[in-house]
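What follows is each chain in one-letter form.
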Amino acid sequence: MKVHWTQNAIRHLVNIHEYIALNSATYAVRMVDKITSRSQQIADYPLSGRKVPEYDAEDIRELIEKPYRIIYRIKSDQIDVLAVIHGSRRLPNDF
């Protein structure tokens, strides 16, 4: 199945990269690569992520790439990556 990164999720990746790059440009690239490489797992096994506890909806799931949560929604024709949130942050009320 096709994985689509929303503008919101892309913005999160850019912010993650910029923040980590303040200390290490190499680690910043490595972290973003680790996060984006999880797209293949989502594409191959959409249900491999757990339901997001805050939403309790079957179609909204997450994978953990410590310390980040990759939040995605399963649709009939594609998977939308909605957000990449640090595990210590609260999720918005809805997507």
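Keep in mind the model is a prediction, meaning the values are calculated, not measured. (Residues numbered from 1 in each chain as written. Predicted model: local features only at pLDDT ≥ 70, side-chain atom pairs only at ≥ 80, totals over all residues. Heavy atoms only, no water.)

Enquirer: I tried to follow the pairing of strand S4 (residues 68-74) on my own but got confused; where do I start?
Expert: Along a regular strand, successive side chains alternate from one face of the sheet to the other. Taking burial as the measure, the seven residues of S4 include six buried ones, the bulk of the element. Linking strand S3 (residues 60-65) to S4, which pair antiparallel, is a turn of two residues. (Buried < 20%, exposed > 50% of the residue type's maximum accessible area, 1.4 Å probe, protein only. Helix = DSSP H or I, 4+ residues; strand = E, 2+ residues; numbered from the N terminus. Pairing = 2+ DSSP bridges.)

Enquirer: Any chance you could explain the sheet that holds S3 here in plain terms?
Expert: By definition, the strands of a sheet pair up through backbone hydrogen bonds, in either a parallel or an antiparallel sense. In spatial order, the strands read S1-S5-S4-S3-S2; together these five strands make up an open sheet with mixed pairing. One side of each edge strand has no neighbouring strand; the edge strands of this open sheet are strand S1 (2-5) and strand S2 (50-51). For S4 and strand S5 (residues 78-86), the ladder comprises seven bridges, and the chain directions are antiparallel. Residue Arg73 lies in a different strand from S5, and its bridge partner there is Asp80. Running at roughly 35 degrees to S5, helix H1 (residues 7-21) makes contact with S1, S4 and S5 of the sheet. The sheet contacts of helix H2 (residues 25-44) involve S1, S3, S4 and S5, and relative to S3 the element is tilted by about 135 degrees. (Contact = heavy atoms within 4.5 Å. Axes fitted to C-alpha atoms, helices over the stretch in contact; angles between N-to-C directions.)

Enquirer: Honestly, unusual backbone geometry in this entry has me stumped. Any pointers?
Expert: A negative phi angle characterises most non-glycine residues, just as the trans form characterises most peptide bonds. Backbone torsion omega between Lys66 and Pro67 reads 5 degrees, so that peptide bond is classified as cis. Here the phi dihedral of Asp56 falls at roughly 50 degrees; this positive angle occurs in a residue that is not glycine. In this structure, Asp56 sits in the loop between S2 and S3.

Enquirer: Can you walk me through the pattern of salt bridges in this structure?
Expert: Close approach of charged atoms allows side chains of opposite charge to pair. One pass over the full model with this rule turns up ten salt bridges. The residue Arg61 makes a salt bridge to Glu58 at a minimum N-O spacing of 2.9 Å. Overall, the relative accessible area of 9% leaves Arg61 in the buried class. Among the ionic contacts, a cluster of salt bridges with common partners joins Arg50, Glu54, Glu62 and Arg69. (Salt bridge = Lys/Arg side-chain N within 4 Å of Asp/Glu carboxyl O.)

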